[in-house]
There are 2 protein chains.
Amino acid sequence: MLPRGRPRALGAATLLLLLLVVVGFFLFGRDPEYGLRAAATFDGDPNGSRNRSASGLQSLLPPKCELLHVAIVCAGYNSSREVITLVKSVLFYRKNPLHLHLVTDAVARNILETLFRTWMVPAVVIRFYDAGELKPVISWIPNTHYSGLYGLMKLVLPSVLPLSLARVIVLDTDVTFSSDIAELWTLFAHFSGVILLWLDRLRQTGWEQMWTLMAKRQLLTLTATSLADQDIFNAVIKEHPELVHPLPCVWNVQLSDHTLAERCYLEAADLKVIHWNSPKKLRVKNKHAEFFRNLHLTFLGYDGKLLRRELFGCPNQLPPGAEQLQQALAQLDEEEPCFEFRQQQLTVHRVHITFLPHQPPPPRPHDVTLVAQLSMDRLQMLEALCRHWSGPMSLALYLTDAEAQQFLHFVETSPVLSARKDVAYHIVYREGPLYPVNQLRNVALAQALTPYVFLSDIDFLPAYSLYDYLRASIEQLELGSRRKAALVVPVFETLHYRFGFPNSKAELLTLLDAGSLHIFRYHEWPQGHAPTDYAHWREAQAPYHVQWAADYEPYVVVARDCPRYDPRFVGFGWNKVAHIIELDAQEYEFLVLPEAFSIHLPHAPSLDISRFRSSPTYRGCLQALKEEFHQDLSRRYGAAALKYLTALQQSQTRA
Amino acid sequence: MLPRGRPRALGAATLLLLLLVVVGFFLFGRDPEYGLRAAATFDGDPNGSRNRSASGLQSLLPPKCELLHVAIVCAGYNSSREVITLVKSVLFYRKNPLHLHLVTDAVARNILETLFRTWMVPAVVIRFYDAGELKPVISWIPNTHYSGLYGLMKLVLPSVLPLSLARVIVLDTDVTFSSDIAELWTLFAHFSGVILLWLDRLRQTGWEQMWTLMAKRQLLTLTATSLADQDIFNAVIKEHPELVHPLPCVWNVQLSDHTLAERCYLEAADLKVIHWNSPKKLRVKNKHAEFFRNLHLTFLGYDGKLLRRELFGCPNQLPPGAEQLQQALAQLDEEEPCFEFRQQQLTVHRVHITFLPHQPPPPRPHDVTLVAQLSMDRLQMLEALCRHWSGPMSLALYLTDAEAQQFLHFVETSPVLSARKDVAYHIVYREGPLYPVNQLRNVALAQALTPYVFLSDIDFLPAYSLYDYLRASIEQLELGSRRKAALVVPVFETLHYRFGFPNSKAELLTLLDAGSLHIFRYHEWPQGHAPTDYAHWREAQAPYHVQWAADYEPYVVVARDCPRYDPRFVGFGWNKVAHIIELDAQEYEFLVLPEAFSIHLPHAPSLDISRFRSSPTYRGCLQALKEEFHQDLSRRYGAAALKYLTALQQSQTRA
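Residues numbered from 1 in each chain as written. Chains lettered and ligands numbered in written order. Predicted model: local features only at pLDDT ≥ 70, side-chain atom pairs only at ≥ 80, totals over all residues. Heavy atoms only, no water.

**Q** What is the right way to look at the overall build of chain A in this model?
**A** What chain A contains, in helices and strands, is 28 helices and 23 strands. Buried positions account for 59% of the 655 residues belonging to chain A. Intrachain contacts of chain A at a sequence separation of at least 6 include 79% that bridge at least 24 residues. Carbon together with sulfur atoms contributes 54% to the accessible area of chain A, which is approximately 25,800 Å² in total. (Helix = DSSP H or I, 4+ residues; strand = E, 2+ residues; numbered from the N terminus. Buried < 20%, exposed > 50% of the residue type's maximum accessible area, 1.4 Å probe, protein only. Contact = heavy atoms within 4.5 Å. Areas by Shrake-Rupley, 256 points an atom, 1.4 Å probe, with all protein chains shown as cover.)

In C-alpha cells form, the structure reads like this:
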C-alpha cells in the first residue's frame with residue numbers, strides 16, 4: 001500500500017512517472033510530499049537531468065510529417081481558457097501535424113469547436129469525445145478532487161479513443177510547453193521493444209478490468225472517502241511496476257510552493273514542460289517562479305493568428321475553408337484603393353465564445369438579451385451597463401490575446417461585473433486595421449440564448465426599466481406568434497459624461513426640454529432617426545407604426561432569428577443602416593415603444609470615424625460597399641428592393 | 001575577379017559563408033544571382049541541411065554560463081527599431097549571458113542606451129562604440145550602398161573591438177533568430193584547431209592591411225563607383241580562401257524575392273536565423289513568406305518585459321538598479337489596499353525614445369516644444385494636434401509592443417503625421433494596471449530639445465496662433481534671463497466633438513457667451529482653474545500675475561529645466577496639482593497670457609477616472625499619496641511648504 005496520509009498529496013515523484021499504459025503516458029500531479037518511493041529516486045537524481053538527454057532525443061525525432069496524437073480532458077469555461085494557452089505553446093514549437101483528441105463537456109465543446117474552426121491552424125485535426133457518455137463508467141468512484149469526475153476520465157481514455165490509436169500523449173490543461181512536443185513523442189521510441197511488447201500484452205489483458213479491480217480493492221481498505229485518478233494509477237503501478245517508465249524530470253517541472261523540482265531544472269537548462277499544478281497557479285512562490293511565469297505569459301498573450309503558419313515540406317493540411325480563403329485573398333489587388341476593406345471583409349477572426357463562466361438564462365418565452373460589441377477603450381462602460389440592464393447580455397469584444405487577459409483581470413477585480421453570471425463575453429481576436437463591427441455584432445447575436453434580442457451599442461445606457469418593459473411589451477404585442485416586428489427603442493444623447501440619468505420618460509422629457517439631453521445625432525445625422533417621429537413619441541401612450549425611410553438606423557428589439565448584419569461593412573459607416581434595410585425588405589413592421597428609451601454617452605470620435613472624415617479614399621470605399629450591397633439586395637429581393645436604390649440615389653443627389 | 005555585373009548582386013552563395021576573420025563570422029547578404037562559385041555548392045547542397053546538424057551541435061553547446069559576444073552596427077532611428085526585434089529573438093531563445101558590442105551613431109546610442117537601461121535584462125552587458133570615430137578609416141571608399149558607411153564598418157570591427165576579445169558573432173540588424181544563439185557560437189568550436197590557428201596567424205598578419213590593400217586594388221580595376229563591405233570581403237576571400245568556412249544554410253535563410261534558400265530550408269525543419277535581406281522586407285514574395293513573417297511578427301509584438309527573466313544556475317548578473325528595485329518590490333505588502341499603487345510607482349518601464357525618425361529643432365533661444373502623453377485610444381488626436389501646433393512636439397506614448405507596431409502603421413499611413421519630422425514620439429511600454437501619467441510626462445519633458453516647453457494634455461487643441469504667440473511672449477517677457485516664470489495658457493472645453501474652432505480670442509469669447517464653449521471643468525472642478533481669473537482674462541491686454549491657490553492646475557509654459565512631475569501619482573488625480581505646487585514652492589511667478597488659449601475636446605471617461613469614482617479604495621490611496629507628497633514637501637521646503645498643507649486640510653474640511 002502507498003503512504004496515503006493525505007489522499008491528494010501524492011508526491012513530486014509520481015509526477016515524473018511515465019505511465020506507459022495502453023494510451024501512452026501521462027503528465028499529472030498533485031501537491032508533493034508523499035509519493036512512490038520507487039520512483040522518487042528519479043526526482044532528485046541530478047544525473048537524470050545533467051546528461052543533456054535532449055540532444056540525444058533530438059536525433060531520434062519522429063519521421064518528418066508524422067502525425068502526433070494528443071489527448072486532453074477539458075470541461076467548463078475556465079479549463080477551456082487554460083487549454084488554449086497550452087495549445088499555443090505546443091503549436092509554437094511543434095513541427096509535426098497534430099491530432100488533438102478532446103474529451104469535453106458541452107460547454108467546452110461549444111467553445112473549442114468555434115475556436116478551432118475560426119483559428120484555422122493548418123495541420124491540426126480536432127476530434128471531440130463526449131465526456132458525458134463517460135460519466136457512468138467512473139461515477140461509481142467516490143471523488144472529491146477539484147477537477148471532479150473529469151480528473152478520473154483519464155482512466156477511461158483507452159476505451160474511448162479509437163482502437164487504431166496506438167500511442168497518445170495525455171496532457172493536463174495546466175501545462176506549458178517550452179519545447180517541441182515531438183521530443184516527448186520520441187520517448188515512445190526510446191523504450192526497448194520489450195516494454196512496447198508488454199504494452200501490447202497489457203492491451204490484450206485489459207486495462208479496464210485492471211484499474212476497476214484496483215479501484216474497488218482500494219475502496220475496501222481505505223478510510224478516505226474519495227479517490228482521484230492519481231490514487232488509482234498509483235495502485236496499479238504498485239502491483240504492475242513493469243508498466244512504468246520514468247519520465248525525465250524536465251518533462252514535468254511542477255511549480256508547487258515547496259516543490260523539489262528545482263533539483264531537476266537547476267541543472268537542466270533545457271526545460272521541456274512546465275506544470276502549473278499548484279492551486280495558486282501563477283502566484284506560486286518559487287525560486288524561479290518569474291522565469292516560468294514569463295514563459296506562461298508569453299503564450300497567454302501570444303497572438304494566436306501567428307500560429308496559423310503551415311508546416312514545411314509536409315503535404316498541405318489546410319483546415320476547412322482555409323484554401324478558399326487563401327484563394328480569395330490571393331485574388332485581391334494590393335494596389336486597389338479599397339484593398340484594406342476587401343481584406344478585412346474576408347478575414348476570419350478567431351472567436352472565443354463565453355470567455356468567462358456564464359449561466360445561460362432559463363428558458364422564458366419573452367426574454368430578451370442585450371447585444372452589443374466593444375473594444376478595449378469601452379471597458380469602462382460595462383459596469384454602468386450592468387447597472388442599467390438587469391437581464392442577460394451577449395457582448396462581443398474585439399481584443400488582442402494580451403488584451404483578453406487585461407479584460408479578465410478587469411472583470412475579476414470589478415465586484416459589479418464578477419457578480420453577474422448572465423453576461424456572456426465573446427472574444428473576437430483582432431486582425432487587420434478596420435473595426436469589423438458587423439462581424440462582431442453577428443458573433444454576439446449568434447450567442448444570444450433568449451428568444452428576443454435588443455440590438456444596442458456599447459455607448460448607450462438603457463432606461464433602468466427597459467429590460468422589464470421590453471419583456472412586457474413582447475408579451476403584450478404577441479410577438480411570439482410569428483409576427484415579424486422590430487420594436488424601436490428611441491435614443492437620446494447627453495454631452496455631459498456626468499449627469500443624472502432620468503428615471504422615467506417624464507424626467508427624460510424635462511431634461512430634453514432643458515437642453516441637457518438631445519435626440520441622438522439630431523444635428524449631425526437627423527435622417528438616422530427621423531422616421532421614429534420623436535414628436536409623436538412624446539405624446540404616445542401605445543406602440544405605433546413607423547415606415548422605413550432612407551438612412552434609418554433605429555435601435556430595435558427583434559426575434560433572435562432575425563437577419564444577420566452584413567459583414568462587408570467594416571470600419572465606420574452604414575453598418576446598421578444596411579441591417580434595417582434588410583429587416584424592411586423582409587417585411588418586418590417597425591413599432592415604436594412609447595416608454596422605451598436609451599441614452600448615448602459622449603466619447604471621443606473613434607479612429608475609424610476620424611479616418612472616414614479625413615480620407616476621401618475611405619469615403620469612396622464606403623460608397624462602393626453601399627453600391628455592392630444594393631446590387632445584392634436587388635438580386636435577392638427583386639423589384640421590392642428598388643425603393644432602397646431610389647432612396648440611395650436621392651440622398652446622393654441631395655448630398 | 002568576381003562576376004560583378006551588378007555591384008550589389010552578390011549571390012545567395014555568399015550569404016552562406018562563414019567568415020572566420022579576426023572577429024568571427026558574418027551574416028550578411030545582397031540580392032542573389034551572382035556569387036562565389038566556390039561557395040555556391042554549399043547553397044543548394046541538400047546534405048548540408050539534411051543531416052540534422054542541429055542535434056550534433058547541441059551536444060557541443062558552450063559551457064554553462066559562458067559569456068557570448070555579439071557585435072552589431074546600428075545607426076539611425078529605423079535601424080534602432082530593427083535591432084530591438086533582433087535582440088528580442090536572441091533573448092527569447094538564449095540561455096547564456098550575452099555581451100552586446102554596439103557600434104552606433106549618436107542617434108542610435110541615445111535611443112539604445114535609454115532602452116537597455118530601462119529594459120533591465122539580467123545577464124546582458126552592453127557596450128557602445130562610437131561609429132563616428134570609425135568614419136575616417138573607411139570614408140575614402142566610394143560607396144553608394146543604402147546602408148552607407150555603416151555597412152562598411154564591419155570591416156573595421158577587428159580594430160575597434162577590444163583586443164582581448166577573441167570571438168564575436170556579428171549580426172546585421174535585419175535578422176530574426178529562431179534558435180539559441182549558443183548553437184551559432186558552437187560553430188567556432190566546430191572548426192578544427194588548424195582553422196583557429198590560422199585565425200591567430202591572421203591577427204598577427206594584420207587584417208586591416210589586408211582589406212585596405214584589396215579595396216584599393218579593386219578600385220583600380222573596377223569601373224563601378226562604389227564598393228560595399230561585401231565586395232571587399234569577396235575580394236579578400238578570393239585571395240585567401242583559407243579564411244572561409246561555409247556556414248550551414250539554416251543559419252542565414254535569406255528572404256529575397258527569387259531566393260534559392262528554399263532549397264535549404266525546405267529540407268531543414270530546424271531553421272536557425274531568418275535574414276530579411278530584401279528591401280521589401282516583410283512584404284517579400286516567397287513561398288514560405290508567411291511562416292517567416294509570423295516568426296518575425298512574434299518578436300515585433302513580443303512583450304519585452306517578459307525577457308527580463310534571470311538565467312538558471314548562473315551567478316546573478318543583474319543590470320544596474322535591478323537589485324534595489326527587486327528589494328523594494330519584495331518589501332511591498334501584497335495585501336495592503338494600495339499595493340497596486342505602490343507597485344506601479346516602482347515599475348521601471350522600458351522606454352524607446354524617438355521611436356520614429358526625427359529632425360531635432362534648430363537651436364532658437366525662444367523656441368517651445370509642446371509636451372504631452374497618450375495611449376492608443378487617443379491616437380486620433382494626433383492629426384488635429386499637428387494642424388493646431390506647427391512647432392516641435394515631444395509626446396510620450398504608453399503602448400504595448402504590439403500597439404507600437406500599430407502606431408507605426410498609423411503614422412506611416414497618415415499624410416499629416418508622416419510629413420512632420422519635428423514631432424518626437426517616445427514609447428513607454430505598458431506594465432501594470434495604473435496609467436503612469438507623471439512618468440510619461442517626465443519622459444516627454446526630458447526629451448524636449450527647445451529651451452521652453454508647453455506642458456499640455458493630449459485632449460487639448462491649442463489656438464492656431466499659440467506656437468507663434470508663445471515664442472513672441474517668451475521673448476517679450478525676457479524669460480531667458482533667469483526669470484523663473486510659468487506662463488499660463490487659459491483652457492476651455494467643448495462638449496461637441498465637431499465644432500468650428502475659434503480663430504481668435506474674439507471668436508472664442510463669442511462662442512463662450514453663446515454657451516458653445518465653457519471654461520474647462522467649470523462645473524465639475526472650478527478650483528482647478530479659478531486662480532487664472534477668467535473674468536480678468538476676458539479684458540486683459542497684457543500678461544498679468546496670479547497667485548497659487550489650493551488645487552490649481554493650469555496648463556503652463558516653462559523653461560525646460562523646470563521641476564519634474566512627481567512619479568508617485570499614477571492613475572487618476574492630483575498629478576498636475578502636485579507639479580504646480582512644486583513650481584510655486586520654487587517661487588515661479590504665474591503669468592497669464594491674454595491671447596493664449598487651448599480647448600479640450602470631449603472624450604469618454606478614462607478607465608482610471610471610472611475607477612476613482614467607483615472605488616473608495618482608489619480614492620483612499622490617492623489621499624495617502626497626497627499626504628506623503630506633503631510630507632516630502634515639508635522636508636524639502638520647510639516652513640515655506642506649510643501653506644500647501646493648510647490648503648489641503650482646508651479643502652478636506654470643505655469636502
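Here the narrative resumes.
**Q** How should I be thinking about the packing of aromatic side chains in this particular structure?
**A** For any pair of aromatic rings, geometry is given as the distance between the ring centres together with the angle between the planes. On inspection of all chains with the given rule, the structure shows 47 aromatic pairs over all chains. Between Phe492(A) and Tyr534(A), the aromatic rings sit 5.3 Å apart at their centres with planes inclined by 85 degrees, giving edge-to-face as the arrangement. Of this pair, Phe492(A) sits in strand E18 (residues 491-494) while Tyr534(A) sits in helix H24 (residues 534-539); the two residues are 42 residues apart in sequence, bridging distant segments of the chain. Exposure remark for Phe492(A): the relative accessible area of 0% places this residue in the buried category. Classification of Tyr534(A) as buried rests on a relative accessible area of 10%. What links up through ring pairs into an aromatic cluster is the set Phe92(A), Tyr93(A), Phe299(A), Tyr302(A), Phe92(B), Tyr93(B), Phe299(B) and Tyr302(B). When the ring centre of Tyr565(A) is taken as origin, the NZ or CZ atom of Arg441(A), which lies over that ring, is 5.1 Å away. (Phe/Tyr/Trp six-rings, centres within 6.5 Å; stacked < 30°, edge-to-face > 60°. Lys NZ or Arg CZ within 6 Å of the ring centre and 35° of its normal.)

**Q** Mind showing me how you'd approach the packing of helix H17 (residues 339-346) of chain B against helix H27 (residues 616-637) of chain B here?
**A** Helix packing geometry: the angle between the two helix axes and the distance between the axes. Residues and elements named next belong to chain B. Across the interface, H17 lies against H27 with an axial gap of 9 Å and an inter-helix angle of 50 degrees. When the axes of H17 and H27 are compared, the pair comes out oblique. Between H17 and H27, the residues in contact are Phe341, Arg342 and Gln345 and Tyr618, Cys621, Ala624, Leu625 and Glu628, respectively. Here the contact of H17 with H27 is built from residues that sort into five nonpolar, one polar and two charged. (Axes fitted to C-alpha atoms, helices over the stretch in contact; angles between N-to-C directions. Parallel < 35°, antiparallel > 145°, perpendicular 65-115°, else oblique. Nonpolar A, V, L, I, M, F, W, Y, C, P; charged D, E, K, R; others polar.)

**Q** Can you help me understand helix H25 (residues 575-585) of chain B in this one?
**A** Residues three or four positions apart in an α-helix share a direction because the helix packs 3.6 residues into each turn. All names here are of chain B. Judged by how many residues are buried, H25 sits mostly within the fold: eleven of eleven residues are covered. Residues of H25 that are buried: Asn575, Lys576, Val577, Ala578, His579, Ile580, Ile581, Glu582, Leu583, Asp584 and Ala585. Two residues or fewer after H25 comes Glu587, characterised by a positive phi angle close to 65 degrees.

**Q** I'm lost on the packing of helix H5 (residues 76-93) of chain B against helix H6 (residues 106-119) of chain B in this one. Help?
**A** Residue and element names in this part refer to chain B. H6 packs onto H5 with a crossing angle of 35 degrees between their chain directions and a minimal axis gap of 9 Å. Considering how the two elements wind past one another, H5 and H6 form a crossing that is right-handed. Residues Gly76, Tyr77, Ser80, Val83, Ile84, Val87, Lys88 and Leu91 of H5 form the contact with H6, whose participating residues are Val107, Ala108, Ile111, Leu112, Leu115, Phe116 and Trp119. Considering only residue class, the contact of H5 with H6 consists of twelve nonpolar, two polar and one charged. (Left-handed = near helix turned anticlockwise from the far one by under 90°.)

**Q** Could you clarify how one ought to interpret the state of the cysteines in this entry?
**A** By definition, a disulfide links the sulfur atoms of two cysteines through a covalent bond. Residue and element names in this part refer to chain A. For the structure shown, the criterion picks out two disulfides over all chains. Two residues, Cys338 and Cys621, share a disulfide whose sulfurs are 2.1 Å apart. On the sign convention where negative means left-handed, the S-S torsion of about -100 degrees between Cys338 and Cys621 marks this disulfide as left-handed. Of the two residues, Cys338 is situated in the loop between helix H16 (322-331) and helix H17 (339-346) and Cys621 in helix H27 (residues 616-637); the sequence distance between them amounts to 283 residues. (Disulfide = S-S within 2.5 Å.)

**Q** Looking at this structure, how should I read the pattern of salt bridges?
**A** Two side chains bearing opposite charge may form a pair once their charged atoms approach each other closely. All names here are of chain B. Within the structure shown, the criterion is met by 52 salt bridges over all chains. Between Arg350 and Asp401 there is a salt bridge, and its shortest N-O distance comes to 2.8 Å. Separated by 51 residues along the polypeptide, Arg350 in the loop between H17 and strand E11 (351-352) and Asp401 in helix H19 (residues 401-412) bring together distant segments of the chain. The buried category is assigned to Arg350, whose relative accessible area is 3%. Taking the relative accessible area as the measure of exposure, Asp401 reaches 4% and is therefore buried. Across the salt bridge formed by Arg387 and Glu383, the nearest N and O atoms sit 3.7 Å from each other. Residue Arg387 and its partner Glu383 are located together in helix H18 (residues 381-388), separated by four residues, close to a single helical turn. Taking relative accessible area as the criterion, Glu383 reaches 14% and is therefore assigned buried. (Salt bridge = Lys/Arg side-chain N within 4 Å of Asp/Glu carboxyl O.)

**Q** How should the environment of Ser394(B) be read in this particular structure?
**A** Residue and element names in this part refer to chain B. For Ser394, the position within the fold is in strand E13 (residues 393-399). Ser394 has contacts with Thr369, Leu370, Val371, Ala372, Ala424, His426, Ala444, Gln447 and Ala448, leaving out every residue within four places of it along the chain. Looking at Ser394, its side chain comes within polar contact range of the side chain of His426, at 3.0 Å. (Polar contact = N/O pair within 3.5 Å; in protein donor to acceptor, adjacent residues only side chain to side chain.)

**Q** Explain the sheet that holds E11(B) to me, please; I cannot follow it from the model alone.
**A** One key point about sheets: their strands pair by backbone hydrogen bonds, in either a parallel or an antiparallel sense. Residues and elements named next belong to chain B. What the nine strands build is an open sheet, ordered E11-E14-E13-E12-E15-E21-E17-E22-E20; its pairing is mixed. If you trace the sheet from one side to the other, it starts and ends with E11 and strand E20 (544-546), each paired once. Summarising the sheet, strand E17 (residues 485-489) and strand E22 (residues 589-592) pair through four bridges and their orientation is parallel. Paired with Ala486 across the two strands is Phe590, which belongs to E22. Contacting E11, strand E12 (368-375), E13, strand E14 (423-429) and strand E15 (452-455), helix H21 (residues 437-446) runs over the sheet at an angle of about 145 degrees to E12. (Pairing = 2+ DSSP bridges.)

**Q** In this structure, what is going on with the pairing of strand E12 (residues 368-375) of chain A? I would like to understand it.
**A** Remark: a regular strand shows side chains that alternate across the two faces of the sheet. Residue and element names in this part refer to chain A. Along E12, eight of the eight residues are buried, which leaves the element largely enclosed by surrounding structure. Going residue by residue along E12, you find Val368, Leu370, Ala372 and Leu374 tucked away on one face and Thr369, Val371, Gln373 and Ser375 tucked away on the opposite face as well. When E12 meets strand E15 (residues 452-455), the two strands line up parallel, connected through four bridges. By the bridge assignment for E15, Val368 is matched with Tyr452. Sheet analysis places E12 next to strand E13 (residues 393-399), joined by six bridges and oriented parallel. Following the sheet pairing, Val371 is matched in E13 by Ser394.

**Q** Looking at this structure, how should I read the confidence of the model for chain A?
**A** Residues shown with low pLDDT carry predicted positions that ought not to be read at fine detail. All names here are of chain A. For chain A, the mean per-residue pLDDT works out to 80, and 78% of the residues sit at or above 70. Throughout residues 1-59 the model reports pLDDT below 50, and contacts reaching past four residues in sequence, or to other chains, amount to 184 contacts. Residue range residues 192-199 is modelled with pLDDT below 50. Its contacts to residues more than four positions away, or to other chains, number eight contacts. (pLDDT = per-residue confidence, 0-100.)

**Q** What am I meant to see in the pairing of strand E14 (residues 423-429) of chain A here?
**A** All names here are of chain A. Among the seven residues of E14, seven are classified as buried, and the element is accordingly described as predominantly covered. Alternating residues of E14 divide into Val423, Tyr425, Ile427 and Tyr429 and Ala424, His426 and Val428, and every residue in both groups is buried. Note that strand E11 (residues 351-352) and E14 share two bridges and pair antiparallel. The residue of E14 that forms the bridge with His352 is Ile427.

**Q** Looking at this structure, how should I read the nonpolar core?
**A** Of all hydrophobic cores here, the largest spans 314 residues; its most connected members are Phe407(A) and Phe407(B). For Phe407(A), the contacting residues outside a window of four places in its chain are Phe355(A), Leu356(A), Met376(A), Leu379(A), Leu382(A), Leu397(A), Leu399(A), Tyr425(A) and Ile427(A). (Core = buried A, V, L, I, M, F, W, Y, C linked by side-chain atoms within 4.5 Å.)

**Q** How do you make sense of the sheet that holds strand E16 (residues 460-462) of chain B when you look at a structure like this?
**A** All names here are of chain B. Across the sheet, four strands lie side by side as E16-E23-E18-E19; this open sheet has mixed pairing. The open sheet has two edge strands, E16 and strand E19 (518-519), and neither has a second partner. Note: strand E18 (residues 491-493) against E19, two bridges, orientation antiparallel. Pairing of Phe492 across the sheet is with Ile519, part of E19.

**Q** When you look at unusual backbone geometry in this model, what are you seeing that I'm missing?
**A** Backbone geometry follows two general trends: most residues other than glycine have a negative phi, and most peptide bonds adopt the trans configuration. One non-glycine residue with positive phi stands out, namely Arg521(A), at about 55 degrees. If you trace the backbone, Arg521(A) turns up in the loop between strand E19 (517-519) and H24. One non-glycine residue, Glu478(B), lies in the positive phi region at around 55 degrees. Mapping Glu478(B) onto the fold places it in the loop between helix H22 (466-476) and E17.

**Q** Teacher, can you tell me more about H21(B) here?
**A** Most of H21(B) is tucked away: nine of the ten residues are buried. Looking only at H21(B), the buried set comprises Val437(B), Asn438(B), Gln439(B), Leu440(B), Arg441(B), Asn442(B), Val443(B), Ala444(B) and Leu445(B).

**Q** Any chance you could explain the side chain of Asn96(B) here in plain terms?
**A** Residue and element names in this part refer to chain B. For Asn96, the position within the fold is in the loop between H5 and strand E4 (98-104). Given the relative accessible area of 7%, Asn96 is considered buried. Polar contacts involving the side chain of Asn96 include one to the main-chain carbonyl oxygen of Glu66, which spans 3.0 Å. Sequence-distant contacts of Asn96, that is, excluding residues within four places in its chain, are made with Pro62, Pro63, Cys65, Glu66, Leu68, Ala182 and Leu311.

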